[in-house]
Amino acid sequence: EQTFDIVNDNTTHTFKAGFDVYANDKNTFSFYTNQTYSDGVGTVGNTLFYPVAPPLFQTDKYLGSNKTQIYNGAYKKLFNKAGQTLDFEVNYSKTNDTQEGNFGIAGNSSTNYKDNSDNTVNATQANLDYVHPFNEKSKLEVGAEYRKTSIDNGYRTTSAVGNQTDFTYDVDIASAYATFGSKYEKWGYQLGARLEKYNVKADYTIAEVKDDFKDDYLTVYPSAFLSYTPTQSDFFQISASRRVDRPNVWQTRPIRDYSTPRVIQIGNPELKPQFTNSVEFNYTKVLGVKGSVSLGAYYRMINDPIERTFYLDTSSADAIAERKMVMSYANFDESTAYGAELS
């Protein structure tokens with residue numbers, strides 16, 4: 001049994017500045033920047049209770065600082081035709097996060113050690129969107145987007161059983177989409193698809209052993225919506241779509257993120273994205289000025305779902321009884337989810 005007593009003391013300062021330039025009533029330029037600086041101290045008291053042994057006490061202290069810079073520029077153009085617009089936006093951000101971890105078991109100086117990690121993330125995103133209405137009931141939306149994220153992590157430790165780690169992770173995503181929607185009497189529909197080129201490359205060195213991971217694919221994400229409004233108070237909609245959820249930086253980096261005498265949390269650089277195919281149905285009944293009733297149902301099939309895992313740290317030279325459990329993430333084969341909601 002483990003108990004925790006956690007106290008965090010953090011300070012954050014955020015500054016935002018920006019301006020808009022109205023060149024005329026059809027063209028607007030916008031710029032802004034966000035600057036965030038924070039630092040903090042986290043103290044974790046951890047007590048382990050064993051069935052046939054005295055309790056074990058460990059006190060951990062995490063000293064961290066974070067600096068995040070965001071720069072954004074955008075351009076919006078309005079046309080003479082109502083609803084026809086063109087938007088272009090570029091966003092760049094840089095985050096530097098450093099942390100020092102001090103770990104110590106009471107009364108046992110040989111188990112006291114320090115961790116230091118330095119993490120830098122550079123992210124660039126540019127997107128172009130165009131909306132063209134053909135009439136009051138039909139419109140076409142098209143666009144393109146490019147995203148690039150570069151992650152550089154370094155980890156050093158004074159622990160005798162810890163591993164020095166260097167980790168770089170680069171993701172490039174280029175995509176284009178088109179969506180067309182229209183209404184005819186009581187029916188409405190929208191059809192769309194996004195074509196995406198995805199590339200990821202990770203290089204990591206753990207205890208002077210180098211390894212890498214690559215993933216590269218081209219895929220399409222279709223979507224379809226069909227609606228039916230038989231009366232002004234009844235609305236039916238059914239939809240089908242495919243989407244992707246990608247691992248975040250904390251799930252992929254093979255660096256200690258959390259540690260107790262029995263558990264250590266690290267990421268998995270070989271995580272792949274998870275893909276979800278879903279079907280949804282919704283019905284809304286408007287009860288005049290008194291309110292409304294909504295019923296929804298969905299079914300989702302997820303391929304390569306990202307799930308949390310636990311396993312014994314076999315890389316440790318300790319006896320099996322003394323080895324830590326490793327808490328990480330992995331792609332499972334598949335999962336399904338279904339449900340209904342009434343409100």
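Residues numbered from 1 in each chain as written. Predicted model: local features only at pLDDT ≥ 70, side-chain atom pairs only at ≥ 80, totals over all residues. Heavy atoms only, no water.

Draft legend 1. Region of the structure containing the packing of aromatic side chains. Overall, the coordinates contain 17 aromatic pairs when judged by the stated rule. Ring centres of phenylalanine 103 and tyrosine 113 lie 4.8 Å apart, and the angle between their planes is 20 degrees; this geometry places the pair in the stacked category. Of this pair, phenylalanine 103 sits in strand S4 (residues 85-105) while tyrosine 113 sits in strand S5 (residues 108-133), and the two are 10 residues apart along the sequence. The pair phenylalanine 103 / tyrosine 113 is uniform in exposure class, with both members buried. The interplanar angle of 70 degrees and the centroid separation of 5.7 Å between the aromatic rings of tyrosine 217 and phenylalanine 275 together place this pair among those described as edge-to-face. Within this pair, whereas tyrosine 217 is found in strand S9 (residues 209-231), its partner phenylalanine 275 is found in strand S13 (residues 274-286), the two being separated by 58 residues in sequence. Under the relative-accessibility criterion, phenylalanine 275 is labelled buried at 11%. Ring pairs connect the aromatic residues Trp187, Tyr228, Phe236 and Tyr283, which therefore count as one cluster. (Phe/Tyr/Trp six-rings, centres within 6.5 Å; stacked < 30°, edge-to-face > 60°. Helix = DSSP H or I, 4+ residues; strand = E, 2+ residues; numbered from the N terminus. Buried < 20%, exposed > 50% of the residue type's maximum accessible area, 1.4 Å probe, protein only.)

Draft legend 2. Quick peek at the environment of glutamine 265. On the secondary structure map, glutamine 265 appears in strand S12 (residues 263-265). Glutamine 265 sits 233 residues away from tyrosine 32 along the chain, and the two C-alpha atoms are 37 Å apart.

Draft legend 3. Representation of the pairing of strand S17 (residues 334-342) in the model. Of all 9 residues making up S17, only 0 are buried, and the element is barely covered by its neighbours. Here strand S14 (residues 292-303) pairs with S17 via 9 bridges, running antiparallel. Residue pairing for S17: isoleucine 302 is matched across the bridge by serine 335. (Pairing = 2+ DSSP bridges.)

Draft legend 4. Geometry of the pattern of salt bridges. Taken as a whole and assessed by the stated rule, the structure comprises 12 salt bridges. We note a salt bridge from lysine 197 to aspartate 216, for which the minimum N-O separation is 2.5 Å. Of the two residues, lysine 197 sits in strand S8 (residues 187-206) while aspartate 216 sits in strand S9, which places them 19 residues apart along the sequence. Three or more residues are tied together by salt bridges with common partners; here these are Arg194, Glu196 and Arg246. (Salt bridge = Lys/Arg side-chain N within 4 Å of Asp/Glu carboxyl O.)

Draft legend 5. Fine view of the nonpolar core. Counting residues in each nonpolar core, the largest one holds 15 residues, and the members touching the most others are Tyr169, Val171, Tyr198, Val200 and Tyr217. Within the residue set of this core, elements represented by two or more residues are strand S7 (165-184), S8 and S9. Discounting residues that sit within four places of it in the chain, tyrosine 217 has contacts with Glu196, Lys197, Tyr198, Val244, Arg246, Pro273 and Phe275. (Core = buried A, V, L, I, M, F, W, Y, C linked by side-chain atoms within 4.5 Å. Contact = heavy atoms within 4.5 Å.)

Draft legend 6. Up close: the environment of glycine 45. Its location among the elements puts glycine 45 in strand S2 (residues 27-48). The sequence separation of glycine 45 and threonine 59 amounts to 14 residues, and the corresponding C-alpha distance is 4.6 Å. Ignoring sequence-local partners within four residues, the contact set of glycine 45 consists of Thr3, Phe4, Asp5 and Gln58.

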